[in-house]
Amino acid sequence: MTIWELSEKAEYIADRHQQLHHQWQHYCNTLTQAITLSKAKLHHAVGCNPDDDLRFFLFDHFIIHIALAEGFNSQTIEYFVETRAGEQKVLIARAHMAQNGTIDNSIDNRDRNSVLEHYLEKISPVYDSLYRAIHDDVPLRMADLSLSEVRKAVA
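Since this is a predicted model, take the numbers as computed values, not measurements. (Residues numbered from 1 in each chain as written. Predicted model: local features only at pLDDT ≥ 70, side-chain atom pairs only at ≥ 80, totals over all residues. Heavy atoms only, no water.)

(A) Quick peek at the confidence of the model for the protein chain. Chain-level pLDDT for the protein chain is 86 on average; 91% of the residues reach the 70-or-more range. Looking across the protein chain, the model is least confident in helix 3 (residues 147–154), with a mean pLDDT of 52, and most confident in strand 6 (residues 102–103), with 95. (pLDDT = per-residue confidence, 0-100. Helix = DSSP H or I, 4+ residues; strand = E, 2+ residues; numbered from the N terminus.)

(B) Highlighting the nonpolar core. Counting 32 residues, the largest nonpolar core has Tyr27, Leu31, Ile66, Ile77, Tyr79, Val81 and Tyr119 as the members making the most contacts within it. Elements that contribute at least two residues to this core include exactly helix 1 (3–37), strand 2 (53–58), strand 3 (62–68), strand 4 (76–83), strand 5 (89–96) and helix 2 (112–136). Considering every element that reaches this core, the biggest residue donor is helix 1, with seven residues. (Core = buried A, V, L, I, M, F, W, Y, C linked by side-chain atoms within 4.5 Å. Buried < 20%, exposed > 50% of the residue type's maximum accessible area, 1.4 Å probe, protein only.)

(C) Quick look at the sheet that holds strand 2. The strand order across the open sheet formed by five strands is 1-2-3-4-5, and the pairing between neighbours is antiparallel. Both outer strands of the open sheet, strand 1 (44–47) and strand 5, are each paired with one neighbouring strand and no more. Between one strand and the next, the sheet's axes are offset by a mean angle of 25 degrees, whatever the strand orientation. This element, helix 1, spans strand 1, strand 2, strand 3 and strand 4 of the sheet and lies at about 20 degrees to strand 2. Packing against the sheet, helix 2 makes contact with strand 1, strand 2, strand 3, strand 4 and strand 5, and its axis sits at approximately 155 degrees to strand 5. (Pairing = 2+ DSSP bridges. Axes fitted to C-alpha atoms, helices over the stretch in contact; angles between N-to-C directions. Contact = heavy atoms within 4.5 Å.)

(D) The arrangement of the side chain of Gln99 in detail. Within the secondary structure, Gln99 sits in the loop between strand 5 and strand 6. For Gln99, a relative accessible area of 13% translates into the label buried.

(E) Highlighting the environment of Phe62. Along the chain, Phe62 turns up in strand 3. Look at Phe62 and you get buried, because its relative accessible area is 8%. Sequence separation between Phe62 and Asn73 is eleven residues; the distance between their C-alpha atoms is 29 Å. Non-local contacts of Phe62, meaning those with residues more than four positions away in its chain, are made with Phe56, Phe57, Val81, Glu82, Arg84, Leu130, Leu140 and Met142.

(F) Spotlight on unusual backbone geometry. Positioned with a positive phi, Phe59 is a non-glycine residue whose angle comes to about 55 degrees. Tracing the sequence through the fold places Phe59 in the loop between strand 2 and strand 3. Positive phi, normally seen in glycine, also occurs at Asp60, with a value near 55 degrees. With respect to the helices and strands, the residue Asp60 is situated in the loop between strand 2 and strand 3.

(G) A look at the packing of helix 1 against helix 2. Closest axis-to-axis distance for the helix 1/helix 2 pair is 9 Å, and the angle between their directions is 85 degrees. Put simply, helix 1 runs roughly perpendicular to helix 2. Here helix 1 contributes Tyr27, Thr30, Leu31, Gln33, Ala34, Ile35 and Leu37 to the contact with helix 2, which in turn contributes Arg112, Val115, Leu116 and Tyr119. Of the residues that constitute the contact of helix 1 with helix 2, the class distribution is eight nonpolar, two polar and one charged. (Parallel < 35°, antiparallel > 145°, perpendicular 65-115°, else oblique. Nonpolar A, V, L, I, M, F, W, Y, C, P; charged D, E, K, R; others polar.)

(H) The pairing of strand 2, seen in detail. Among the six residues of strand 2, six are classified as buried, and the element is accordingly described as predominantly covered. Side chains Asp53, Arg55 and Phe57 project from strand 2 onto one buried face, and the interleaved Leu54, Phe56 and Leu58 project onto a second face that is buried too. By the bridge criterion, four bridges tie strand 1 to strand 2 in an arrangement that is antiparallel. Paired with Ala45 across the strands is Phe57, a residue of strand 2. As paired elements, strand 2 and strand 3 share six bridges and run antiparallel to each other. Residue Asp53 lies in a different strand from strand 3, and its bridge partner there is Ala67. Linking strand 2 to strand 3, which pair antiparallel, is a turn of three residues; within it Phe59 sits at a positive phi near 55 degrees.

See the structure below:
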């Protein structure tokens, strides 16, 4: 391989990586705007983090943490819930972000309403579990919120 062939490949990699990062930033901005401008009472507060992730405080007790999965060129968005103290963190959902900005092959990452609906669908098991715990007057374990536990409950 010549230096010029290598240079072309490197440029292609850099361009695609930048595109993915750009789409991720659009998703974060759209979701933040959708939540902060929503008239619905979601009990979310936006948290700032210097990393490339997004955090919302839920009922001032939990943190909804959204980030791209680890790995170069990862196109998987992971949704976690953790205690505010950061003691426990569990994966609650995943989504796929394409290079063109679509989420799960159908959601435009610039469409506030669609992004918000998609996000709320992803985290709805958290609200369901919290509601059941409050309604049934029982304690909630963080493990009950994990993706694997949610799948068992649905099956």
